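Architecture and fold: a report
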Amino acid sequence: MIEFRFAVGDLATTSFAYSPLQEAVFSLRCLHDPARYPHHRPWLRRIRPRLEDLDRELLTALIAPWLWVPDFLTPRPARARPAFAEELDEVRRTPAEVVAADFRTTYRTDDALPPVVARGLADPAAFLTRLADAVDAYWHTCLSDDWWPRAQSILEADLAHQARVLAEQGAAALFGGLDTRLVWTGEQLRLTEKGDTAPWPSADIRIAGRGMVLMPTLFARGVQTLLDPSRPPYLAYPARGRATLSEAPPPVTDRALVRLLGRPRARLLGLLAEPASTTELAHRLNVTPGAVSQHLAVLYDAGLLSRTRSGRTVRYTRTALGDELCR
């Protein structure tokens with residue numbers, strides 16, 4: 001059992017945050033045990049070909065077979081919504097002795113260390129650089145554009161929900177809703193071991209003015225914390241709504257664009273893949289230039305069109321935003 005002891009005022013400093021670095025590192029668990037994370041299968045199928053160009057041997061070794069992660073790879077965020085780059089910079093500053101100690105704690109015995117880790121720890125500084133570069137490449141190749149925007153919206157929605165629960169129902173309801181294994185006594189938060197992949201080390205942790213940070217994640221089936229109880233405490237818990245990641249968005253159709261913009265503006269936006277003037281568009285649509293001009297003004301103000309002048313003629317064309325909307 002893990003006990004977090006709250007002194008007077010510690011509950012007031014409890015806060016929420018999410019971590020793109022934590023999600024990147026935790027997502028590597030899917031490579032070990034895809035069946036454990038069914039909501040991520042569509043994403044995993046998409047990225048598998050890209051993994052061949054990455055340092056896959058090292059990335060896979062960041063997760064122990066029982067799904068533990070070295071603590072230094074998931075530092076507690078300094079603010080509610082940190083950027084991936086700033087978190088990775090913190091990892092790059094990890095002392096060499098901490099890198100070695102955290103890997104040994106994660107794998108429990110030196111004999112269990114993967115060969116790539118055992119070799120790397122002979123020169124921890126160089127190994128840390130390789131490791132951070134590998135995580136950075138993985139983030140930009142597999143997560144930042146393809147996965148993170150949707151994941152971030154789920155995490156944001158979770159933070160809003162949990163803040164409302166805390167405000168309306170109090171700490172006991174909040175903690176109990178994160179995981180049924182969590183029990184709030186008024187001064188202690190107890191986490192019992194039940195159903196974990198491997199027995200978590202027991203600990204008696206005093207918050208002692210350091211604050212408790214609660215962090216939603218899309219890659220956990222229950223609450224988790226750091227392996228080293230001496231570090232600033234946080235709890236990672238399963239985010240609400242994570243099942244929506246496996247939902248396929250509805251197909252985009254021309255009718256959807258018409259419903260959004262109205263038929264005249266949707267037709268204009270469709271025609272403006274190439275530059276055209278108001279007069280040219282009016283002739284193609286068999287309407288008056290004045291009617292076209294009104295719609296063009298709305299689309300331009302919305303950032304969907306750009307315009308250039310050549311003499312007395314103004315030509316419009318779609319912006320990148322307009323192209324994305326049409327797609």
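Everything that follows concerns the structure shown earlier in this document.
A brief structural summary.

What counts, and at which threshold
- Residues numbered from 1 in each chain as written.
- Predicted model: local features only at pLDDT ≥ 70, side-chain atom pairs only at ≥ 80, totals over all residues.
- Heavy atoms only, no water.
- Helix = DSSP H or I, 4+ residues; strand = E, 2+ residues; numbered from the N terminus.
- Rg over C-alpha atoms; globule rule 2.2 N^0.38 Å.
- Buried < 20%, exposed > 50% of the residue type's maximum accessible area, 1.4 Å probe, protein only.
- Contact = heavy atoms within 4.5 Å.
- Areas by Shrake-Rupley, 256 points an atom, 1.4 Å probe, with all protein chains shown as cover.
- Lys, Arg positive; Asp, Glu negative; His and termini not counted.
- Salt bridge = Lys/Arg side-chain N within 4 Å of Asp/Glu carboxyl O.
- Polar contact = N/O pair within 3.5 Å; in protein donor to acceptor, adjacent residues only side chain to side chain.
- Pairing = 2+ DSSP bridges.
- Axes fitted to C-alpha atoms, helices over the stretch in contact; angles between N-to-C directions.
- Nonpolar A, V, L, I, M, F, W, Y, C, P; charged D, E, K, R; others polar.
- Arc of directions from axis to C-beta.

Take the overall build of the protein next. What the protein contains, in helices and strands, is 15 helices and 10 strands. For the protein, whose C-alpha radius of gyration is 26 Å, the value lies well above the compact-globule estimate of 20 Å for 327 residues. On the principal axes, the C-alpha backbone points of the protein span a range of 75 × 50 × 35 Å. Split into buried and exposed, the 327 residues of the protein put 45% on the buried side. Of the contacts made within the protein by residues no fewer than 6 positions apart, 70% connect residues no fewer than 24 positions apart. For the protein, the computed accessible surface area is about 16,300 Å², with 52% contributed by carbon and sulfur atoms.

Bringing the side chain of Asp158 into the picture now. As for its placement among the helices and strands, Asp158 is situated in helix H9 (residues 148-169). Although Asp158 is buried, it makes no salt bridge; Arg240 carries the closest opposite charge, 5.0 Å away. A distance of 2.4 Å separates polar atoms of two side chains, one belonging to Asp158 and the other to Tyr237. Ignoring sequence-local partners within four residues, the contact set of Asp158 consists of Pro216, Tyr237, Ala239 and Arg240.

For the rest of this paragraph, the subject is the pairing of strand S7 (residues 234-238). Buried residues dominate S7, accounting for 5 of its 5 residues. Of the strand pairs in this sheet, strand S6 (residues 213-217) and S7 are connected by 5 bridges, and their pairing is parallel. Paired with Leu214 across the bridge in S7 is Leu235.

One can describe the packing of H9 onto helix H10 (residues 171-178) by two numbers: an axis separation of 7 Å at closest approach and a directional angle of 145°. Contacts from Gln162, Val165, Leu166 and Gln169 in H9 reach Ala171, Ala173, Leu174 and Leu178 in H10. For the contact of H9 with H10, a count of residues per class yields 6 nonpolar, 2 polar and no charged.

Our focus in this paragraph is the pattern of salt bridges. Charged atoms that come close allow side chains of opposite charge to pair. One pass over the full model with this rule turns up 17 salt bridges. Between Glu52 and Arg56 there is a salt bridge, with the nearest N and O atoms lying 3.3 Å from each other. For Glu52, a relative accessible area of 56% puts it in the exposed group. The partner of Arg130 in a salt bridge is Asp55, and the shortest N-O contact between them spans 2.7 Å. Taken together, the positions of Arg130 in helix H8 (residues 124-143) and Asp55 in the loop between helix H3 (41-51) and helix H4 (56-61) put the pair 75 residues apart, joining distant regions of the chain. What makes Arg130 partly exposed here is its relative accessible area of 34%. Sharing partners across several salt bridges, the network here consists of Glu3, Arg5, Arg190 and Asp204.

Spatial ordering of the open sheet is given by S8-S10-S9, a layout of 3 strands whose pairing is antiparallel. Taken across any chain shown, the strands that pair with only one partner, and hence form the sheet edges, are strand S8 (276-277) and strand S9 (305-310). Where S8 lies against strand S10 (residues 313-318), 2 bridges are found, and the strand directions are antiparallel. Paired with Ser277 across the two strands is Arg315, which belongs to S10.

Now for the pairing of strand S1 (residues 2-5). In this structure, S1 lies alongside strand S4 (residues 188-191), joined through 4 bridges in antiparallel fashion. Residue pairing for S4: Phe4 is matched across the bridge by Leu189. Pairing analysis gives 4 bridges linking S1 to strand S5 (residues 203-206), with the strands arranged parallel. Its bridge partner lying in S5, Arg5 is registered against Arg206.

Here we come to the sheet that holds S4. Strand order in the open sheet made by the 4 strands is S3-S4-S1-S5, with mixed pairing throughout. Taken across any chain shown, the strands that pair with only one partner, and hence form the sheet edges, are strand S3 (182-184) and S5. This sheet shows a mean twist of 15° between the axes of neighbouring strands, independent of strand direction. Against the sheet, H10 contacts S3 and S4, and its axis sits at roughly 170° relative to S3.

Another aspect to go through is helix H12 (residues 263-271). The set of residues buried in H12 consists of Ala266, Leu268 and Leu269. End-on view of H12: buried residues confined to an arc of 160°, all on one side of the axis.

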